[in-house]
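Architecture at a glance
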Amino acid sequence: METMLTVEKLNKSFKDKQVIRDISFDVRKGEIMAVLGPNGAGKSTTIRNIMGIMYPDAGAISFRGHAEIPRHKIGYLPEERGLYKNVKVMDILLYLSELKDYPLKKARERALSYLKKFGLEGQANSSVEELSKGMGQKVQFISSIIHEPELLILDEPFSGLDPVSQELFKHEIRHLAENGTAILLSSHQMNLVEEMCDRLFMMHNGERIIYGNMDDVKERYANFKCTVRGKSDLDVLQGLPDLERVEQDEDTSVLYLAKDVQAVNWLKNLPDNLSVQELSIDRISLHEIFIDIATDGNIAQREGVTHA
Ligand SMILES: Nc1ncnc2c1ncn2[C@@H]1O[C@H](COP(=O)(O)OP(=O)(O)OP(=O)(O)O)[C@@H](O)[C@H]1O
């Protein structure tokens, strides 16, 4: 897959505080790349440097191997929402597509088709202040894709959306990727990221902690956990082999297996007298990996992640 965006060893400080340190990653044609990290990790700063809203102290950003970034080929939904309030929806969409040198007739057709797709048919002549927050967000999303960008950068696209609108956005983002758009997506909604993204990188305190495709990341970081419902003493469970830790809440216990333990073999060696009403075994979710890293848990300690 062709590489659309390359970010190499990006560094950025505000006064004497370094908020991004040696961040490198790329985004390829037709893929959805997630950028994840706790509040303040440096995600938006990374995106703002790519968008030329601010400039890095060191490092390089290139588009298809060229240092010059063709802004008209990029679509951007910023974290800060907001459109001109007293302007009509269609006028805003046409104005923004004109700024990207996109043909007017095509822009009008695409605007009408997207407004219909997002349930905003008949709102072309409404002014933005007449729209609800979610409706405004849909218009802003349309404005980021109306000019058929080759690279689309979405900073928290799902925040503030109801579940139906989230599904619409999810479906459209996936559709754009299937049609070749390279997508960089920042989100705190781990379930959506896990469902949608091909690759991800996770930042913590301005540094890249995890980088890879979803399956590799899960294999490397998502150890198995065994959930047992039944009355067992915590001491007995903690004495079982190959566990990182045990959490117990009334008669449900979650046994976190150590890294590289084969789940099937481990299950075979459970003692016969263990009280089991129900038992399930799964890999921990991206959500749990995220919380572990953000709170300096087991994975974080294993990977040498520390708070700044
Ligand atoms: N213009 C600025 N001046 C000074 N410090 C800034 C500025 N912009 C961001 N920062 C600092 O940089 C760090 C990273 O902020 P950034 O907004 O990139 O984080 P984020 O990962 O996008 O967080 P969130 O998930 O909360 O949106 C924070 O400590 C923030 O206070």
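Remember, it's a predicted structure, so these values are computed and weren't measured experimentally.

Analysis parameters
- Just so you know, the residues in each chain are numbered from 1, in the order the chain's sequence is written.
- Local features in this predicted model are restricted to residues of pLDDT 70 or higher, and side-chain atom pairs are both shown and tallied only at a pLDDT of 80 or more, whereas totals for entire chains, interfaces and linings draw on every residue.
- Starting at the N terminus, helices and strands are each numbered in turn, a helix being any DSSP run of H or I of at least four residues and a strand any DSSP run of E of at least two.
- Using C-beta atoms placed from the backbone, we call a residue buried if 20 or more other C-beta atoms fall within 10 Å of its own, exposed if 12 or fewer do, and partly exposed for counts in between.
- One requirement defines pairing of two strands: DSSP has to find at least two bridges between them.
- The convention used is that axes are lines fitted to C-alpha atoms, helices contributing only their stretch in contact, and that angles between N-to-C directions extend from 0 to 180 degrees.
- Whether a residue is near a molecule or strand depends on its C-beta atom, generated from backbone atoms, being within 6 Å of that molecule or strand.
- Residues are sorted three ways: Asp, Glu, Lys and Arg are charged, Ala, Val, Leu, Ile, Met, Phe, Trp, Tyr, Cys and Pro are nonpolar, and all the rest, Gly among them, are polar.
- UniProt positions are given in the numbering used here, feature names are shortened, and annotations may be inferred rather than shown by experiment.
- Where each domain begins and ends follows an automated or database-derived domain assignment.
- The labels follow the angle: roughly parallel below 35 degrees, roughly antiparallel above 145, roughly perpendicular from 65 to 115, and oblique for the rest.
- Crossing handedness: left-handed means the near helix sits turned counterclockwise from the far one by under a right angle, and right-handed means the same turn made clockwise.
- Here, residues touch in the contact sense if the C-beta positions derived from the backbone fall within 7 Å of one another.
- Note on terminology: a nonpolar core is a set of buried residues of type Ala, Val, Leu, Ile, Met, Phe, Trp, Tyr or Cys, with members joined through C-beta atoms within 7 Å.
- In this analysis, the expected span of each helix is defined as 1.5 Å times one less than the number of residues it contains.

On to the overall build of the chain, then. Along the chain, the regular secondary structure elements total 11 helices and 13 strands. Burial status across the chain gives 31% buried among its 308 residues.

Strand order in this open sheet of four strands is β11-β12-β10-β13, and the pairing throughout is antiparallel. In this open sheet, the two edge strands, each paired with only one partner strand, are β11 (243-249) and β13 (278-283). Across the sheet, the mean angle from the axis of one strand to that of its neighbour is 15°, orientation sign disregarded. In this sheet, strand β12 (residues 252-257) lies alongside β11 in antiparallel orientation, the contact comprising six bridges. Its bridge partner being in β12, Q248 is matched across the sheet by S253.

Turning our attention to the site of the ligand. Close to the ligand lie F14, V19, G37, N39, G40, A41, G42, K43, S44, T45 and E79. Here the residues of the shell around the ligand sort into three nonpolar, six polar and two charged.

Quick look at the UniProt feature "domain: ABC transporter" (unreviewed entry) in the chain now. The positions UniProt marks with the feature "domain: ABC transporter" (unreviewed entry) are residues 5-230. Between the C-alpha atoms that bound residues 5-230 there is a distance of 51 Å. The span itself is 34% helix and 29% strand.

So, about the domain arrangement of the chain. Along its sequence, the chain is carved into domain 1 (3-218) and domain 2 (223-283). Just the C-alpha atoms count here: the centres of domain 1 and domain 2 sit 41 Å apart.

What follows concerns the packing of helix α2 (residues 89-99) against helix α3 (residues 104-117). For the pair α2 and α3, the least separation of the axes is 10 Å and the interaxial angle reads 135°. Comparing their axes, α3 and α2 come out oblique. For the pair α2 and α3, the crossing hand works out as right-handed. Contact residues: M90, L93, L94, S97 and E98 in α2; L104, A107, R108 and A111 in α3. Among the residues forming the contact of α2 with α3, the class breakdown is six nonpolar, one polar and two charged.

A few words on the sheet that holds strand β1 (residues 3-14). Strand order in this open sheet of three strands is β2-β1-β4, and the pairing throughout is antiparallel. Each of the sheet's edge strands pairs with one partner strand only, and the pair in question is β2 (17-28) and β4 (58-63). Recorded for the sheet is a direction-independent mean angle of 15° between the axes of neighbouring strands. Pairing geometry for β1 and β4, over five bridges, is antiparallel. Note that in β4 the partner of L5 across the bridge is F63. Here helix α1 (residues 43-50) sits on the sheet and contacts β1, β2 and β4; the angle it forms with β1, its principal contact strand, is near 115°.

Turning next to the nonpolar core. The biggest cluster of nonpolar side chains holds 61 residues, and the ones touching the most others in it are L5, I32, A34, L151, I183 and L200. When neighbours within four sequence positions are excluded, L5 is seen to be in contact with D26, V27, I50, F63, L151, A182 and L184. In terms of nonpolar packing, the next biggest core, distinct from the first, is built from five residues, C226, V228, L255 and L257 among them.

With 13 residues, helix α4 (residues 133-145) extends 19 Å between its outermost C-alpha atoms, agreeing within 8% with the 18 Å of an ideal straight helix rising 1.5 Å per residue. Among the residues making up α4, those that are buried are Q137, K138, V139, F141, I142 and S143. Against the buried residues of α4 lie β5 (74-77), α2, α3 and α5 (163-178).

Here we come to helix α10 (residues 286-294). Given 3.6 residues per helical turn, the α-helix brings residues three or four places apart onto the same face. Within α10 the residues assigned to the buried category are L286, I289, F290, D292, I293 and A294. Where α10 ends, the next residue or the one after it, D296, has phi of about 55°, a positive value.

A few words on the packing of α2 against α4. The geometry of a pair of packed helices is captured by two quantities: the angle between their axes and the separation between those axes. Their axes nearest at 9 Å, the elements α2 and α4 cross at an angle of 25°. Here α2 lies roughly parallel to α4, going by the angle between them. Between α2 and α4 the crossing geometry is right-handed. Residue-level contacts link V89, I92, L93 and L96 of α2 to V139, I142 and S143 of α4. In terms of residue class, the contact of α2 with α4 is built from six nonpolar, one polar and no charged.

This brings us to the pairing of β2. Bridge count between β1 and β2: eight bridges; the pairing is antiparallel. From the neighbouring strand, S13 faces β2, where its bridge partner is Q18.

Within the secondary structure layout, L274 lies in the loop between α9 (263-268) and β13. For the pair L274 and S232, spaced 42 residues apart in sequence, the C-alpha to C-alpha distance is 7.0 Å.

Here the focus is the pairing of β12. Of the two faces of β12, only the one carrying S253, L255 and L257 is buried; T252, V254 and Y256 on the other face are not. Here strand β10 (residues 224-229) pairs with β12 via five bridges, running antiparallel. When the sheet's bridge partners are listed, R229 is paired in β12 with T252. The antiparallel pairing of β11 with β12 creates a hairpin that spans two residues between the two strands, and E250 there sits at a positive phi of about 50°.

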